[in-house]
Amino acid sequence: MVICLINQTNFLLDQQIAALEEQFVTEGGYSEKLAAERLKERQEHKATDPVPDCPKCGKPMVLRTAKTGKTAGHQFWGCSAYSDCKGVGEV
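Residues numbered from 1 in each chain as written. Predicted model: local features only at pLDDT ≥ 70, side-chain atom pairs only at ≥ 80, totals over all residues. Heavy atoms only, no water.

*Asks:* Kindly report on the state of the cysteines, identifying the contributing residues and their values.
*Replies:* Scanning the entire structure with this criterion turns up zero disulfides. C57 carries a free sulfur, and the closest cysteine sulfur to it, the one in C79, is 3.5 Å from it. Owing to a relative accessible area of 39%, C57 belongs among the partly exposed residues under this scheme. (Disulfide = S-S within 2.5 Å. Buried < 20%, exposed > 50% of the residue type's maximum accessible area, 1.4 Å probe, protein only.)

Shown next as structure tokens:
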């Protein structure tokens, strides 16, 4: 009787493992789903957050990160025509 219950339990566990393996192969694991959601969120954010135009010359701005000074590490909008135009904006 006990051996029969153990065999039945093993059989059910094997079926459950097989189903989980199939689900993992077709749908991916946690990390893959998380990465897909991140990419989706970034695409939505990018679509709703338009790139501003330079206040000086009207060309599109580029998101940059300050490397020196008191604002080092902070992001700001800089003109895409930098060196010819020094227009900046806040994020």
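Let us keep going from here.
*Asks:* Tell me about the sheet that holds strand β1 (residues 61-65), residues and numbers included.
*Replies:* Here three strands make up an open sheet; going across it, the order is β1-β2-β3 and the pairing antiparallel. Strands with a single pairing partner mark the edges of an open sheet, and in this sheet they are β1 and β3 (88-90). Strand after strand, the sheet turns through a mean of 35° between neighbouring axes, direction not considered. (Pairing = 2+ DSSP bridges. Helix = DSSP H or I, 4+ residues; strand = E, 2+ residues; numbered from the N terminus. Axes fitted to C-alpha atoms, helices over the stretch in contact; angles between N-to-C directions.)

*Asks:* Lay out the pairing of strand β2 (residues 75-79) with the relevant residues and their values.
*Replies:* As paired strands, β1 and β2 are joined by five bridges and run antiparallel to one another. Within the sheet, the bridge partner assigned to L63 lies in β2 and is W77. Judged from the three bridges that link them, β2 and β3 form a sheet pairing that is antiparallel. Considered in β3, the bridge of W77 is made with G89.

*Asks:* Go over the environment of G89, please, and point to the residues and values.
*Replies:* If you trace the backbone, G89 turns up in strand β3. Classification of G89 as partly exposed rests on a relative accessible area of 24%. Through-space distance from the C-alpha of G89 to that of V62 is 9.7 Å; in sequence the pair is 27 residues apart. The residues contacting G89, other than those within four sequence positions of it, are M61, F76 and W77. (Contact = heavy atoms within 4.5 Å.)

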